[in-house]
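# Structural features, examined
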Amino acid sequence: MGLGAENSKPITMELQPHADDDHFQGFRHSFDEIHTQVDKLEKQVIEVERHYESAGYVQGSNSKGGSVVKEKGREKNLVGTKKPLQDAPRTETAATKRMQELMRQFSTILRQITQHKWAWPFLEPVDVKGLGLHDYYEIIEKPMDFGTIKNKMEAKDDTGYKNVREIYADVRLIFKNAMKYNDEKHDVHVMAKTLLEKFEEKWLQLLPKVAEEEKREIEEKAQTQLDNQHAQEMTYAKIAKDLASELDEVDLRLTKLKEMVIQNCRKLSTGERKKLVSALAKLSPENLQRALGIVAENNPSFESTQVEVVLDLDAQSDYTLWRLQQFVKGALEDQPKIGGGTAIDSDEKKTNSRKKREFCDALVNNLTKIRKVSNL
């Protein structure tokens, strides 16, 4: 038949439905379940995609092989490539013991320095008020003494020292403060300088062990970070693998549902086809274009955008004709009434027809959607 795209003459008419209401409700219930599952899976796919994109693993979604499902293959490659995360607490405990041993050895150095005959000015905080040192806090930004260091070494909370380097820095600060505040010829300055030299000599003997432990700590932290990243990758690889299976299952269910709908679409009689031709000619330009779009969905060779098209109903599938009839019926019901025309269906019939039309459209759209999601 020939149909002009500018045809806009409206009418009211009634087309008989082809699907039994019970069948329709059953299809609708199945479709709603699939639709809910698709939405849930789509959110999970987006989450996994974001993870891999942030990690730089995924190319653009339009790139070949850029699918998140492709990452499911990473799971096999990741297994056994890193130390188990269960080893992390054991590693941390070993590092703590090694640091405690270094601190014990450092304590021996401190004991030797504090037992020196010139160490007495540095054992307790400077008595600023008693000695009348009014400018002390203007010159010395951070006072320090061996008593404060001892208390901090014995602290059991976060105020304690984390490593030997921190203690070393505070010991040097004791002597540097004394040398900064007192003149070079002052006894306290001379005593501080002498003890600092002795302390540095002993520190150099311990430094190789400290440097070795610091290097080991850096390596273990890096390894822990890699282990954590590995565990996260394993988690998302498993999610991606499970998503792939669920997407395949949903795709299969949706395809079977579509086949069931098609099987329940009986052939239109000659009279019904004539009514459909007549009804198509009375659609508004907008609805006519949508109707032609329905034909084009299942018939790629059909050009629905031409100014004038030729539509051979005999060449269309029963499913296409059924969808087309449901759409036309609802479209004519929804079009404005002109010239005093009257509606021929009750509100309930209009609602049922609209639901059937929406169901058909949603079925096709979600079949396309689930295939798109699985190819992300």
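What counts, and where the lines are drawn
Residues numbered from 1 in each chain as written. Predicted model: local features only at pLDDT ≥ 70, side-chain atom pairs only at ≥ 80, totals over all residues. Heavy atoms only, no water. Helix = DSSP H or I, 4+ residues; strand = E, 2+ residues; numbered from the N terminus. Contact = heavy atoms within 4.5 Å. Areas by Shrake-Rupley, 256 points an atom, 1.4 Å probe, with all protein chains shown as cover. Expected span 1.5 Å × (residues − 1). Buried < 20%, exposed > 50% of the residue type's maximum accessible area, 1.4 Å probe, protein only. Arc of directions from axis to C-beta. Core = buried A, V, L, I, M, F, W, Y, C linked by side-chain atoms within 4.5 Å. Salt bridge = Lys/Arg side-chain N within 4 Å of Asp/Glu carboxyl O. Phe/Tyr/Trp six-rings, centres within 6.5 Å; stacked < 30°, edge-to-face > 60°. pLDDT = per-residue confidence, 0-100. Axes fitted to C-alpha atoms, helices over the stretch in contact; angles between N-to-C directions. Parallel < 35°, antiparallel > 145°, perpendicular 65-115°, else oblique. Left-handed = near helix turned anticlockwise from the far one by under 90°. Nonpolar A, V, L, I, M, F, W, Y, C, P; charged D, E, K, R; others polar. Polar contact = N/O pair within 3.5 Å; in protein donor to acceptor, adjacent residues only side chain to side chain.

## A word on the overall build of the protein chain
Scanning the protein chain from terminus to terminus reveals eleven helices and two strands. Counting from the amino terminus, helix and strand elements in the protein chain follow one another as β-α-α-α-α-α-α-α-α-α-β-α-α. Residue pairs at least 24 apart in sequence account for 78% of intrachain contacts in the protein chain once pairs closer than 6 positions are excluded. Carbon and sulfur atoms make up 50% of the accessible area of the protein chain, which amounts to about 22,600 Å² in all.

## Considerations on helix α9 (residues 285-297)
The end-to-end C-alpha distance of α9 is 19 Å, a good match for the 18 Å that 13 residues give at a rise of 1.5 Å each. Residues of α9 that are buried: Asn 287, Leu 288, Ala 291, Leu 292, Ile 294 and Val 295. Axial view of α9: buried residues confined to an arc of 145°, hence all on one face.

## Overview of the nonpolar core
Most often, soluble globular proteins keep nonpolar side chains buried together rather than apart. Core analysis: the largest hydrophobic core is formed by 29 residues, its most contacted members being Phe 106, Phe 122, Phe 146, Ile 149, Val 171, Phe 175 and Phe 199. Residue assignment for this core shows that the elements contributing at least two residues are α3 (87-114), α5 (146-154), α6 (164-181) and α7 (187-263). The residues touching Phe 146, leaving out its near neighbours within four places in the chain, are Leu 110, Ile 113, Thr 114, Phe 122, Leu 123, Val 171, Ile 174 and Phe 175.

## Examining the pattern of salt bridges
In a structure, side chains of opposite charge can pair up when their charged atoms sit close to one another. Considering all chains together, one arrives at twelve salt bridges under this definition. Of the charged contacts, one joins Glu 214 and Arg 165 as a salt bridge, the two residues approaching to 2.7 Å between their closest N and O atoms. Taken together, the positions of Glu 214 in helix α7 and Arg 165 in helix α6 put the pair 49 residues apart, joining distant regions of the chain. Judged by its relative accessible area of 34%, Arg 165 falls in the partly exposed class. Of the charged contacts, one joins Glu 297 and Arg 323 as a salt bridge, the two residues approaching to 2.8 Å between their closest N and O atoms. In this pair, Glu 297 is assigned in helix α9 and Arg 323 in helix α10 (residues 318-334), connecting sequence segments 26 residues apart. We classify Glu 297 as partly exposed; its relative accessible area is 41%. On the basis of relative accessible area, Arg 323 is assigned to the buried category, the value being 2%. Here the salt bridges do not stand alone but share partners, grouping Arg 98, Glu 213, Arg 216 and Glu 220 into one network.

## Description of the packing of aromatic side chains
Inspection of the entire model under this criterion finds eight aromatic pairs. An angle of 80° between the planes, with centres 5.8 Å apart, marks the rings of Phe 106 and Trp 203 as edge-to-face. In this pair, Phe 106 is assigned in helix α3 and Trp 203 in helix α7, connecting sequence segments 97 residues apart. For Trp 203, a relative accessible area of 2% gives the class buried. On the numbers, 5.9 Å between centres and 65° between planes, the contact of Phe 146 with Phe 175 is edge-to-face. Taken as a pair, Phe 146 in helix α5 and Phe 175 in helix α6 lie far apart in primary sequence, 29 residues in all. Linked through ring pairs, Phe 106, Tyr 168, Phe 199 and Trp 203 together constitute an aromatic cluster.

## Looking at the environment of Ile 109
Tracing the sequence through the fold places Ile 109 in helix α3. Along the chain, Ile 109 and Phe 199 lie 90 residues apart, while their C-alpha atoms are 7.5 Å from each other. Apart from residues no more than four positions distant in its own chain, Ile 109 is found in contact with Phe 199, Lys 202, Trp 203 and Leu 206.

## Some details on the confidence of the model for the protein chain
Summary statistics for the protein chain give a mean pLDDT of 76 and a share of 70% for residues scoring 70 or more. Predicted confidence for residues 338-345 stays below pLDDT 50, and this span has twelve contacts to residues more than four positions away or in other chains. Predicted confidence is poor over residues 369-374, with pLDDT under 50, and the contacts of this stretch with residues over four places away or in other chains come to 16 contacts.

## Digging into the packing of α5 against α6
The contact between α5 and α6 brings their axes to 10 Å, and the two run at 165°. In terms of orientation, α5 and α6 fall into the roughly antiparallel class. Note on packing geometry: the crossing formed by α5 with α6 is right-handed. In contact with Phe 146, Ile 149, Lys 152 and Met 153 of α5, α6 contributes Ile 167, Asp 170, Val 171, Ile 174 and Phe 175. Along the lines of polarity and charge, the residues of the contact of α5 with α6 split into seven nonpolar, no polar and two charged.

## Quick look at the environment of Tyr 181
Mapping Tyr 181 onto the fold places it in helix α6. Between the C-alpha atoms of Tyr 181 and Tyr 136, which are 45 residues apart in sequence, the distance is 7.4 Å. Ignoring any residue separated from it by four or fewer positions in sequence, one finds Tyr 181 in contact with Leu 133, Asp 135, Tyr 136, Ile 139 and Ile 140. Of note is the side chain of Tyr 181, whose polar atom sits 2.6 Å from the side chain of Asp 135.

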